[in-house]
Each structure stands twice: as structure tokens, then as C-alpha cells.
There are 2 protein chains.
Amino acid sequence: MSKPKIVVLGAGYAGITTTKRLTKQLSPEQAEIVLINKHNYHYESTWLHEVAAGTISPNQARYMISDVINPNRVRLIYDSVVEIKKDENRVVLENSEVTYDYLVVALGFVTNTFGIKGMNEHALFIQDIDSARLISEHIEYQFAQYSAGENTDEESLNIIVGGGGFTGIEFVGELADIVPKLCKKYDIARNKVRIINVEAAPSVLPMFDRDLVSYALQALEARGVEFRMGAAIKECTKEGFIVGDDAELIKGGTVVWTGGVTGNPVLGKSGFELVKGKVNVDADLRVPGEENLFVLGDCSWVMDKQSGRPYAPTGQLAMQEADVAAYNLKALLTNQPLKEFALDDKGTVASLGLSDGIGSIFSGTKLQGKAAAAMKKVVDDRSLFLVGGPKLVLKKGKFRPF
Amino acid sequence: MSKPKIVVLGAGYAGITTTKRLTKQLSPEQAEIVLINKHNYHYESTWLHEVAAGTISPNQARYMISDVINPNRVRLIYDSVVEIKKDENRVVLENSEVTYDYLVVALGFVTNTFGIKGMNEHALFIQDIDSARLISEHIEYQFAQYSAGENTDEESLNIIVGGGGFTGIEFVGELADIVPKLCKKYDIARNKVRIINVEAAPSVLPMFDRDLVSYALQALEARGVEFRMGAAIKECTKEGFIVGDDAELIKGGTVVWTGGVTGNPVLGKSGFELVKGKVNVDADLRVPGEENLFVLGDCSWVMDKQSGRPYAPTGQLAMQEADVAAYNLKALLTNQPLKEFALDDKGTVASLGLSDGIGSIFSGTKLQGKAAAAMKKVVDDRSLFLVGGPKLVLKKGKFRPF
């Protein structure tokens, strides 16, 4: 009798954590495990705003999958998923096909432009390592062109960022750190460069209390970030954003959209029933009516029974879901009852550059300034630790333990 | 009675060396010295191909003028020269004017496109720090765009270099070093990137013997550089070079022209008589008929009495001219006879990347490979040493003395 085969799609937070837990909890005799990912590396998607600003290197934000997952225990396939044929227990890849007994779909997010005209064509996205790195190269290229006299338009130096959510605000915080350095490097006066955050809602960072938000806005404004709140983007052109009813043009040589994400489009292509681009899963994290199919992380909505609304998508959520998914996979193999997911909320911390931040941790404690910045690094290192242990923290961590 | 005033225009090899020598040879009572330069830094113009490739940082190739010239002894003015009114002993700057008793014009070179259609608009030049840095940023930007899927055209990765002279060949040598590193960084196969040197003449590096040239060609070809010799560029477009009678298009996302230089256009604007963009000077380095006017470096032609042709423009030539100009300025102030210039040729060394090169030194000794590469670093460090002494070599040198 052949071993059951568990296939995990995606090596983001959810996928790589699930795989890691499975290797610990199952003996090689209990199941064959396959992990499929586009690249041979995992990246910390919550660090991408730093790669995009250029404040950390792309390599610090990624590690080789084979450094944390034993390739002798798990079959690693580096390929792109084209379609999931869930009625046939089969996954079509770009270069091959894989069958499964159990499937974990953890294919992550893509940027959602909400159909704003021109956004796909003209804005840059913080989506993966390559797209984030392109942004930092693009910004530096604007500086290089300006200082070489190739572009005399001062507005080419402006960096405009659409979206005042987590990524948008953390990104402008990093930009406030890097822009003075670029100005020095390229002999350009700091006041020639504008960093402008544009948000349709009347405020930013809706997940934080108002006093923390107002701290963040003041701190960032003091470091030269401009905010245009209540400014809906009507269109994105080569020159920048067109906002508001009077169609004002906010010009910038670098235009970044951080205003929305949605689940991987493979879900829709594979016939999953979608709500705002993601799959509603049951409390055991399986797709309703599907015995052997888990959907995790940014590809699914999990109901928070306390609030009656789905949990907000975070790296913390994805990793905790992975723990439950691995537990439930083992339960399925051993005919034990499955667990229901509930988030153990450790809190939320947003960085505002290297040495500033805001956070609400545990039950109501608020942090701001250096304490929040330090806590953010602890959070970031924790995600490394949970997958790769202390060795990985030493190699890629932001807050060295000694 | 007021002190005579010596004004030096330009802080390149010729200008900064002249100024340095004058401060050593003249007492503060003998003359007032003024050095005028566009930037507050000197750069090593013979190192710019390395900045353009990204194999050294822009900062390694420049140093602050005030680090080597005492600002209490020399009045330093950072401004651009607009015009020399030689009949009025006056120099018009962008932001002020300066009169002089003696003038040293050492305003360096600009790129010469020989009127090739589209070259000014579409090609990048290795001309100064900012333009060289733009090239390395441009190259990396192509890689970043390609790896992020923004540009799927493989030819966007190609780097095409017009001109097989010193700069063109040294530049492709650096490119052969950096391209494999960029490929690794951006997960791009090395064979997707072509480095193509295009030269109208039947061979490259006309200043070297044929055996050295053939060594250089073979060494560079082995490292992935392609040569198109005997290929005259008819036009430069956004896509690349159009060459030969059949108007073949050689495509590349990075197009660099190194095929010619000429003297600073201020010369023409100021009514100097020009031969191929430069001023023919007498053996004492003064403009014929002008008692108080020296023109040095890439702004002038000095006849080599042995060959009957002007000396080829090099950093070595500029610095040796500076020694004679400083001597002659002192002679003029003290009513001594002036010296005639003759080059003490130490030889010529071309680098082909970090660890390869070719050279002819002293009277006929030929070098190739690592020995030439080492000698090149000695040459480069020597130019630092001659202006800034051992301290500057320690700070910016390529070949540490310990």
C-alpha cells in the first residue's frame, strides 16, 4: 500500500511553516511530502517594503528553501502552479504535473488595483522580491538620471505611494530613512525630493487606535513625508496619480501602488468559489465540502468567531494557520478529530523606518517610537525563528541576539 | 603693489597638479592662486569606466579638492566657466566673474559623437562622475526590470559599447567582471546577456602592438565579450546601433558611446582657434601670441617633436604638462627662461577587468595578464600619489602598499 501524499503549494509563511511542521510531526513512513514553489527561495513578504526602499538587501529578506526544509525528507519542486484540478486530485504546473491525496494551497497574494485606470500599466507593486527590488532600483535610477542632467524635471525625484495601509505606511517610513542618504550620494538637496502618501480614506492605518495613528503621521511628517488623505485616485498615468473630483495631478518619477491585495489568481482559474478574490474556509481550514483540501494565508478568509468578521491577513495569521493545518493533516492520517483555528493575537506592530514605529501588543498595551521599532524587529526575527530556528535568525535576523 | 594672480580653470589631472605644484614652488607673497572647478571634488577621469561598470564606487574615484589643496593658500571657487574673455584677462562664471594675470585652462574633455545621428539623444557617455554612475545604474535597472518581468525582451539585457579605443576596451573588460555578478544577483543566466563592442576600424586599441591587441581580444572573448570590428555606426536609435552598409541593427538596452572625445566647448565659445576641438599650444604650453595663457590636458595639442604629431591625450601627459606649466609660471614671475615640454613616456597600460590587462612600459617591455593588471593599479595609484601623497593612496588607492 502506498503512502499518502501531501502536496503543499507555495513556500510563503503559510506553506513553508506547514511543511516544516509536517516534517516534525510525521514520520517518513506516514506520508510523502511535496513542496512546490516558483523560486528556490522563501522570502519574508512582510519585509518587502524594506527591499523596495533599499534599506535592506533582497538577500536579507530571503533564504533558500533547502536551508530549512530537508530535501531528503520533502520533495522540492521549483515550478509555477498553472491550475488545481481538485476533482482529479491533480495540480498542473508549468513544466510538469503532480497528483496528491491531500493538498495545501498557500499561494499567497497578488496586488489588487481595484480596476483603477492605468494602475497596472504605470505603477510599481510591492509583490515579491523581484518587483520590490525593481522599485529601489527605479528610485535610484531617477536620482542618477537627475544628477547626470538626463532629467531636469525635479518632479522626477518625487516618490508617490498609493495606499495608507500597513505596507504603504511602512514603505514611506523606510523612504524617509533612505532618501536623505540618496540625496547625499547624488549631491541633491533633500528638499528637492518629495515623498507623498495618497489615501482615499480620511485616515491611514485603520487597524491602529487613533492616538497611535496620529503619532505615526506626526513622526513621518517631521521626517518629510507628505500625506494626502481623503484623496481618491481616479487614474494612474505615466506622470503620476490623478486624484479627487478636480482631477489634480500629483506628479512623481516613482509611482508605487500598495493599496490592495487579493488571493492568487490560480484560485479563480481552478474554479474555487471566491469572495473578494479568496476562498472562505471552514474553521478547520478546509474548503467546505472538500475532505482533503486546505487553503491558507492570503488565499483564504477564516472567520473570527469573536468579531464575526474574517481575520485580517497577516504573516502572524498565516503561520498560526500553518500550525493548525499541519495538526489537522496528521489528524486526518491518524483518524483523530480535527482542530478549529483561532488566532492567538500577539498584537500588531508597524515600523516607521529603522528606529521608529507604533504597536498594540497583547491585550491593549500600546507602543510607539524606539520601543515599537525594537518590537517590530523581534516580530520579524520570530518569523525566521519559527521556521529556521536560531541559526536562521543569526543569518538573516534584524536584531542579533548577542 | 598687488600680487600677480594666477587662475587655474579645472581641477582634473592637469589643473589640480598645476595648482599643487604652484603652492609648493611659490611663496604666498609671490602670487595669489585661484582654482575654479564645477564640483568641490576632483575625479580620476581614467577610472570612470570602472564607475560606469559599477566595479568601483563613484566615491573611490573622487576626492575633495580641499583635502589636497590648502584652502588658506588657494582660493577655491566651485562654479562653471561660461566664457574666457582673454582680451580682457577675465573669466565669466555662472555665478560670478574673476580677473587674472595668468590663466591656466585645463577644462578637460567632452564626448565627441562626430555627428553620428541619434548618438547624443540615445547613447550614454563616460564623461564625468554623474554620467558614469548613470551607466551602472542604467545597467542594473535593466536587470531589475527583466527579473521583475517588466521587460521580457532579452535584448534589453545586452550592453553595447561603441568605440574600441582605450575607454571602450577597458569598459568592456570591467563589464566582463560585473555581468556574471549581476546575473547571479538577479537570477539571470549569464548567456542571456551579451556584451558587444562595436568599432569602425578593422581592429581595436591602435596604440598597442598587434600581439598585445590579439591577446586582449582573445582574453575578453573568453570572458564573453563580442567584438564587431570594421563595423561603422551609421545611427544610434532607442534600440541600439545601426551599423554597416546593410544597416544591421545591433540591439541593446544599454547603449554606451566611447568613440571620441574633444576639448571643452568653452574654448570655442571664447574664440580660441581650434584644431579638432583643441588649441595648438607652443612647446612652453602657452597659446601662440599669448604671454599669459596656458592650455593643458585634453584642451590642447602639444607637438611631439620626435614623431612630428601631437601627443596622444592621457592622464600621464596632463600631469607632466602641469609640472612644466607650473615651472613656466614661476619662470614668468621671476623673469627666468621658460622650459619646453617633452613627454617622459612611462608607457601605457590598459586594464581588462580587475585581474587582466596589457601594457607597454619604458622602452619596449611588454606586459600582459596579471602583471599588466598589477601595473595598471600602480599607474592609477601614482596619479593619486603625485597630487595627494601617500595619504591619498591609502584612502582611495587600488593597490594598498601594505
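Residues numbered from 1 in each chain as written. Chains lettered and ligands numbered in written order. Predicted model: local features only at pLDDT ≥ 70, side-chain atom pairs only at ≥ 80, totals over all residues. Heavy atoms only, no water.

Novice: Could you clarify how one ought to interpret the environment of A:Val105 in this entry?
Specialist: All names here are of chain A. Within the secondary structure layout, valine 105 lies in strand E9 (residues 102-105). Relative accessible area serves as the criterion here: at 0%, valine 105 is assigned to the buried category. When the C-alpha positions of valine 105 and serine 214 are compared, they lie 38 Å apart, and in sequence the two are 109 residues distant. Sequence-distant contacts of valine 105, defined by excluding residues within four places in its chain, comprise Leu9, Ile84, Leu267, Leu293, Phe294, Val295 and Leu296. (Helix = DSSP H or I, 4+ residues; strand = E, 2+ residues; numbered from the N terminus. Buried < 20%, exposed > 50% of the residue type's maximum accessible area, 1.4 Å probe, protein only. Contact = heavy atoms within 4.5 Å.)

Novice: Help me understand the interface of chain B and chain A, please; the structure alone is not making it clear to me.
Specialist: The extent of an interface is frequently quoted as the accessible surface area lost upon association of the parts. Contacts between chain B and chain A engage 18 residues on the former and 19 residues on the latter. Approximately 1700 Å² of surface area, both sides summed, lies buried where chain B meets chain A, with 53% of it carried by carbon and sulfur atoms. Interface area lost by chain B to chain A is led by B:Leu134, B:Glu137 and B:Tyr141, which between them contribute 35%. Seen at the junction of chain B and chain A, the total is 2 salt bridges. Residues A:Asp187 and B:Arg62 are paired through a salt bridge, measuring 3.4 Å at the closest nitrogen-oxygen approach. Among the elements that line the side of chain B that touches chain A, the one with the most residues is helix H4 (residues 129-147) of chain B, at 11 residues. Classifying every residue of the side of chain B that touches chain A by side-chain character gives 6 nonpolar, 4 polar and 8 charged. (Buried area = accessible area lost by both parts, 1.4 Å probe. Salt bridge = Lys/Arg side-chain N within 4 Å of Asp/Glu carboxyl O. Nonpolar A, V, L, I, M, F, W, Y, C, P; charged D, E, K, R; others polar.)

Novice: Explain the relation of the copies chain B and chain A to me, please; I cannot follow it from the model alone.
Specialist: The two copies are related by a screw operation: chain B maps onto chain A through 180° of rotation and 0.0 Å of translation along the axis, at an RMSD of 0.0 Å. Taken together, the rotation and translation relating the two chain copies correspond to the operation of a two-fold axis. Taken as a fraction of all interface residues of chain B, those also at the interface in chain A reach 100%, which identifies the copy contact as same-surface. (Least-squares fit on C-alpha atoms with pLDDT ≥ 70 in both.)

Novice: Sorry, what's going on with the nonpolar core here?
Specialist: Soluble globular proteins tend to pack their nonpolar side chains together in the buried interior. Formed by 220 residues in total, the largest nonpolar core has its most connected members in A:Leu9, A:Leu175, B:Leu9 and B:Leu175. Apart from residues no more than four positions distant in its own chain, B:Leu175 is found in contact with B:Ala53, B:Ile139, B:Ile159, B:Val161, B:Pro180 and B:Ile195. (Core = buried A, V, L, I, M, F, W, Y, C linked by side-chain atoms within 4.5 Å.)

Novice: For this particular structure, what's the right way to read the domain arrangement of chain A?
Specialist: All names here are of chain A. Domains assigned within chain A are domain 1 (5-38 + 79-111 + 262-337) and domain 2 (114-258 + 345-402). For domain 1 and domain 2, the distance between their C-alpha centroids amounts to 30 Å. Here domain 1 meets domain 2 over a buried area of about 890 Å², counting both sides, of which 55% is carbon and sulfur. The largest contributions to the domain 1 side of the interface with domain 2 come from Thr111, Gln316 and Met319, which together make up 52% of the buried area. At the boundary of domain 1 and domain 2, one finds 4 residue pairs in polar contact (both at pLDDT 80 or more). The set of elements that each furnish at least two residues to the side of domain 1 that touches domain 2 consists of helix H1 (13-25), strand E10 (109-111) and helix H9 (315-333). The dominant element in the side of domain 1 that touches domain 2, judged by the number of residues it contributes, is H1, at 5 residues. Classifying every residue of the side of domain 1 that touches domain 2 by side-chain character gives 5 nonpolar, 4 polar and 2 charged. (Domains from an automatic or database assignment. Polar contact = N/O pair within 3.5 Å; in protein donor to acceptor, adjacent residues only side chain to side chain.)

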